[in-house]
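Residue strings, one per chain:
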Amino acid sequence: TYIPGGALSVSMSAWPAAGANWWEPTTGSFTCVAAYQAKGAADFNASLANLNNPGTRDLTVHTDAPDFDTATGWYFDAFNNRLTSTASVSNKPATYIFRVKPINATGYRTIIGGDNDSGLSVDVAISTNYMRVLKQGVANIGTSTTALTANNDVVGAVSYSSAGAYVFYVNGSAAGSGTNNQTLTAGRLLRLGYQGAATQLFHGYILAVVLYSTVFDATQIAEITTNMQAL
């Protein structure tokens, strides 16, 4: 803002260091598959873009579009709201980070799902508001030690090593770990808000999602969590 007399007043909001995109950590190596941001998007169509590579792996509506508001992101009603892209989420190593505001969950409610429940895919879901890693839609492999509290805006993450060891994170802090030794099928479609058989539909808000084909350490998780919280 120019102030008469030659002074200049500058006001800046929090943003990733060195002008990087919010999904790009400043430490370690990484490969981003796709980054989606509903909160702060100009409109619904803009929210579907893969910000890491617009025009490639953009989201499309499957059945019914979730409600959209730039202040709160996408609202999934647990009935027919579903989004899909060609981004693969079923390879190891992999890291999934998402900012959500879940409604109190009964049963499994899928945040990120593989494209069918007959193949070897991994879903990230919540049940009674704890994060779950699911195999083939309903087989619970592991559960976080910290809940994604109902009606609270929270950042959750799961990071897989190539050997299948995984760590849960809630708001940047480790929240349990385990091992999934199944051989995951490459090339599965990304489902947001549901599992491939149109089951375990999510109930709540999804504000942003980013997927990587690399395992993240705690420092990288913490940085991206902070960036997501600043959106």
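Residues numbered from 1 in each chain as written. Predicted model: local features only at pLDDT ≥ 70, side-chain atom pairs only at ≥ 80, totals over all residues. Heavy atoms only, no water.

Some points on the packing of aromatic side chains
Here's step 1: Tallying each qualifying case throughout the model produces nine aromatic pairs.
Here's step 2: Taken together, a centroid distance of 5.0 Å and an interplanar angle of 50 degrees make the contact between Tyr75 and Tyr205 tilted. Remark: Tyr205 occurs in strand E17 (residues 203-212) and Tyr75 occurs in strand E6 (residues 73-77); sequence separation between them is 130 residues.
Here's step 3: On the accessibility criterion, Tyr205 (23% relative accessible area) is partly exposed. (Phe/Tyr/Trp six-rings, centres within 6.5 Å; stacked < 30°, edge-to-face > 60°. Helix = DSSP H or I, 4+ residues; strand = E, 2+ residues; numbered from the N terminus. Buried < 20%, exposed > 50% of the residue type's maximum accessible area, 1.4 Å probe, protein only.)

A short note on helix H2 (residues 218-229)
Here's step 1: Between its first and last C-alpha atoms H2 spans 16 Å; for twelve residues at 1.5 Å apiece the expected length is 16 Å, and the two agree.
Here's step 2: Listed as buried for H2 are Gln220, Ile221, Glu223, Ile224, Thr225, Asn227 and Met228.
Here's step 3: For H2, the elements touching its buried residues are strand E8 (94-102), strand E13 (154-160), strand E14 (165-170) and E17.
Here's step 4: The residue sitting at the N-terminus of H2 and contributing the capping side-chain oxygen is Asp217; that oxygen lies 3.1 Å from the backbone nitrogen of Thr219. (Expected span 1.5 Å × (residues − 1). Contact = heavy atoms within 4.5 Å. Polar contact = N/O pair within 3.5 Å; in protein donor to acceptor, adjacent residues only side chain to side chain.)

Description of unusual backbone geometry
Here's step 1: With a phi angle near 70 degrees, Ala78 is a residue other than glycine that sits in the positive phi range.
Here's step 2: Its place among the elements puts Ala78 in the loop between E6 and strand E7 (83-85).
Here's step 3: For Ala78, a relative accessible area of 17% corresponds to the buried category.
Here's step 4: The residue Thr128 is not glycine, and still its phi comes out positive at about 45 degrees.
Here's step 5: Within the secondary structure layout, Thr128 lies in the loop between strand E10 (122-127) and strand E11 (130-135).

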